[in-house]
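Reading the structure
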Amino acid sequence: MGSTPSFPRVSIPRDNISVVTGGNAGVGYHTAKWLAMMGGTVIIACRSEERAKQAIQQMNKEFAEEKQKKTTGVVDFDQLNVEFMSLDCNSLKSVMNFVQAYKSSGRKLHRLICNAGIGLQDKLSYTEDGHEQIFQVNYLSQFLLVSHLLPVMKTSGPDCRIVLVSSMAHEYTHFDPGDIEGKKYSEPKYDTSELYGRSKLYQVMQMFRMNEILKDTNVTVLSLHPGLVKTPLLTTFRNGIFKVVLAVADLIGTSKTPFQGAWTSLNAGVNPELAGVRDVYFSDSKPKTPKSDSRNKSYQAALWDYTIECLKEYLPADILRELQ
Ligand SMILES: NC(=O)c1ccc[n+]([C@@H]2O[C@H](COP(=O)([O-])OP(=O)(O)OC[C@H]3O[C@@H](n4cnc5c(N)ncnc54)[C@H](OP(=O)(O)O)[C@@H]3O)[C@@H](O)[C@H]2O)c1
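Residues numbered from 1 in each chain as written. Predicted model: local features only at pLDDT ≥ 70, side-chain atom pairs only at ≥ 80, totals over all residues. Heavy atoms only, no water.

For the ligand, the set of nearby residues contains 30 residues, the closest of which are Asn 24, Arg 51, Tyr 196, Val 229 and Thr 231. Side-chain polar atom of Arg 47 to an oxygen atom of the ligand: 2.7 Å apart, as the coordinates give it. The contact in question runs from a nitrogen atom of the ligand to an N or O atom on the side chain of Asp 88, over 2.9 Å. Its free accessible area being 900 Å², the ligand has 94% of it covered by the protein chains. Its residues assigned to classes, the shell around the ligand comprises 15 nonpolar, 11 polar and 4 charged. (Near = heavy atom within 4 Å. Polar contact = N/O pair within 3.5 Å; in protein donor to acceptor, adjacent residues only side chain to side chain. Areas by Shrake-Rupley, 256 points an atom, 1.4 Å probe, with all protein chains shown as cover. Nonpolar A, V, L, I, M, F, W, Y, C, P; charged D, E, K, R; others polar.)

Here's what the structure looks like:
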C-alpha cells in the first residue's frame, strides 16, 4: 500500500459544488464520494447514466456504513448530494452539451476534478471529431470543458480549484512539437503507452500555461499522479516499461486501492493549505518535479496553439479571450 498520507477531513458547505469527470468508477468514484461525505454537492460527469446511477446508489450505501461507524469528517445527512450529468469525452459535442446544461443550471463551480481517462488501447482509434482517442479523452475534451467552465469558476467566490489527474507515465515520454497527436504512431509501430504518456504530459503543461493566464484570479490549477491504483485502467498497462514498473510495485506492495488512489486528488481539492497555490504536481500528496519538457515555454506554446486549433469550432470569442 505504500506510505501515502491520507487527506485532510474538512467541512465542505452544501452549496460548495464540485464536478468530477469519470466519477462513477475507480479513483473518481472515491474522490466524488468523499467530497460529498464531507458535505459538498458533487456532480459526477459520466458517459453512462446507468453506471452513474449505480455508483450513486453504492456511494449512499457506503455513506450509511461510514455514518454508522462514526467515521471522522463524515456529515450527518440522510443522503449524499451527488448527481449525474452526461459527459462523453469521446465527443466534443457531448462536452458542449454538458457545458450548456451546467451553465443554464445557474450553478456556481468551486472544484473541477478532471479525472476521466482511458489507458492503453488494443488498436489505434479515432473519435467522431477525428482525433486520436487517448489524446481526446484524456486531454482535449477536458481542456474544452475547463475552458468553458472558467467564467463560471471565476464568479464562484474565493479558492476555486481545477485538479488535473495526470500520471507518472508523463515522465516516460517526450514532447514532439512536430507530432503532438502522435500521428506517426500508426500501426504496426503503434505504441499506446507513448500516446497515453503524452496525454498525461499535456495535462501538466496545461496546468503551467493556464496558471499563467489565471494568475490574478481566484482560480488555481494543480496536477497529480494518484499512484499505481488497482483499477481496470491499470490492467491495460501490459507493455514495455510499465510492465516492469507494475511488477515491481506488486512485489514491494506499493500499489493502491481505489480509495487510497483518491487521496492525492482529495488533498489537492480540499487541503486548506493549498488555497491560492499553483503549479504544483503532486505524487502521493507530495510535490514532485514533473518532467522538464512540461516546463518548456516554447513546448507549452506549441501545445496551446495546436489545442486551440483543434477546438476552434467550439471556442467562441468570449471563451478565447479567457484563454489569452
Ligand atoms: N490506475 C492507476 O494506476 C492510474 C495511474 C496514474 C494515473 N491514473 C489516472 O487516474 C484517472 C482515473 O483512472 P482510474 O484508474 O480510476 O481508472 P478507471 O477505474 O478505469 O476509471 C476511469 C473513469 O474514466 C471514465 N471515462 C473513460 N472514458 C470516458 C469518456 N469517454 N467520457 C467520460 N468518462 C470516461 C470511466 O467511465 P466508464 O465507467 O464509463 O468507463 C471511469 O469513470 C485517469 O485519468 C488515469 O489516467 C490512474
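Structure shown, so let's carry the discussion forward.
Within the largest apolar cluster, 69 residues are counted, with the highest numbers of intra-cluster contacts made by Phe 98, Tyr 102, Leu 112, Ile 162 and Tyr 202. With 13 residues, helix α4 (residues 133-154) is the largest single contributor of residues to this core. Counting 40 residues, the second largest nonpolar core, distinct from the first, contains Ile 44, Leu 80, Val 82 and Ile 113. (Core = buried A, V, L, I, M, F, W, Y, C linked by side-chain atoms within 4.5 Å. Buried < 20%, exposed > 50% of the residue type's maximum accessible area, 1.4 Å probe, protein only. Helix = DSSP H or I, 4+ residues; strand = E, 2+ residues; numbered from the N terminus.)

Bringing the packing of α4 against helix α5 (residues 192-213) into the picture now. As a packed pair, α4 and α5 sit with axes 7 Å apart at the nearest point and diverge in direction by 20 degrees. The angle between α4 and α5 falls in the class roughly parallel. The element α4 and its partner α5 pack so that their crossing is right-handed. Of the residues in α5, those touching α4 at Ile 134, Phe 135, Asn 138, Tyr 139, Phe 143, Val 146 and Ser 147 are Thr 192, Leu 195, Tyr 196, Ser 199, Lys 200, Tyr 202, Gln 203, Gln 206 and Met 210. Here the contact of α4 with α5 is composed, by residue class, of 9 nonpolar, 6 polar and 1 charged. (Axes fitted to C-alpha atoms, helices over the stretch in contact; angles between N-to-C directions. Parallel < 35°, antiparallel > 145°, perpendicular 65-115°, else oblique. Left-handed = near helix turned anticlockwise from the far one by under 90°. Contact = heavy atoms within 4.5 Å.)

Next up on the list: helix α1 (residues 26-37). Here α1 contains 12 residues, and its C-alpha end-to-end distance of 17 Å stays within 8% of the 16 Å for a straight helix at 1.5 Å per residue. Summarising burial for α1: 11 of the 12 residues are buried, a large majority. All of the buried residues in α1 are Val 27, Gly 28, Tyr 29, His 30, Thr 31, Ala 32, Lys 33, Trp 34, Leu 35, Ala 36 and Met 37. Among the structural elements, β1 (17-21), β2 (41-46), α2 (49-68), β3 (82-86), β4 (111-114) and α7 (258-270) are those in contact with the buried residues of α1. Within two residues after α1, Gly 39 carries a phi angle of roughly 120 degrees, on the positive side. (Expected span 1.5 Å × (residues − 1).)

Within the structure shown, the criterion is met by 13 salt bridges. We note a salt bridge from Arg 161 to Asp 159, for which the minimum N-O separation is 2.9 Å. The exposure class assigned to Asp 159 is partly exposed, which follows from its relative accessible area of 32%. Note that Glu 194 and Arg 198 form a salt bridge whose closest N and O atoms lie 3.0 Å from each other. Linking Glu 194 with Arg 198, this pair stays in helix α5, spanning 4 residues, or about one helical turn. Glu 194 gets classed as buried once you look at its relative accessible area, which sits at 11%. Judged by its relative accessible area of 1%, Arg 198 is buried. (Salt bridge = Lys/Arg side-chain N within 4 Å of Asp/Glu carboxyl O.)

Spatially, the 8 strands line up as an open sheet ordered β3-β2-β1-β4-β5-β6-β7-β8, and their pairing is mixed. Sheet topology places β3 and β8 (286-287) at the edges, where each strand pairs with a single neighbour. Contacting β2 and β3, α2 crosses the sheet at an angle of about 170 degrees to β3. Its contacts with the sheet put α7 on β4, β5 (160-165), β6 (219-225) and β7 (281-283), and the angle it makes with β5 is roughly 160 degrees. (Pairing = 2+ DSSP bridges.)

When pLDDT is averaged along the protein chain, the result is 94; 96% of the residues meet or exceed 70. Confidence scores differ between elements of the protein chain, with helix α6 (residues 240-252) showing the lowest mean pLDDT of 80 and β1 the highest of 99. (pLDDT = per-residue confidence, 0-100.)

The next subject is the pairing of β4. Going residue by residue along β4, you find Arg 111 and Ile 113 tucked away on one face and Leu 112 and Cys 114 tucked away on the opposite face as well. In the sheet, β1 pairs with β4 via 3 bridges, with the strands oriented parallel. Its bridge partner being in β4, Val 20 is matched across the sheet by Ile 113. The pairing of β4 with β5 spans 4 bridges and is classified as parallel. Bridging across to β5, Leu 112 finds its partner in Ile 162. Remark: the β4/α4/β5 crossover connection has right-handed handedness. (Right-handed = clockwise from strand over helix to strand, strands pointing away.)

Phi angles above zero are rare outside glycine, and Lys 70 is one such case at about 55 degrees. Mapping Lys 70 onto the fold places it in the loop between α2 and β3. Exposure remark for Lys 70: the relative accessible area of 72% places this residue in the exposed category. Unusually for a residue other than glycine, Asp 284 sits at a positive phi of about 50 degrees. Considering the arrangement of structural elements, one finds Asp 284 in the loop between β7 and β8. By relative accessible area, which is 22% here, Asp 284 ends up partly exposed.

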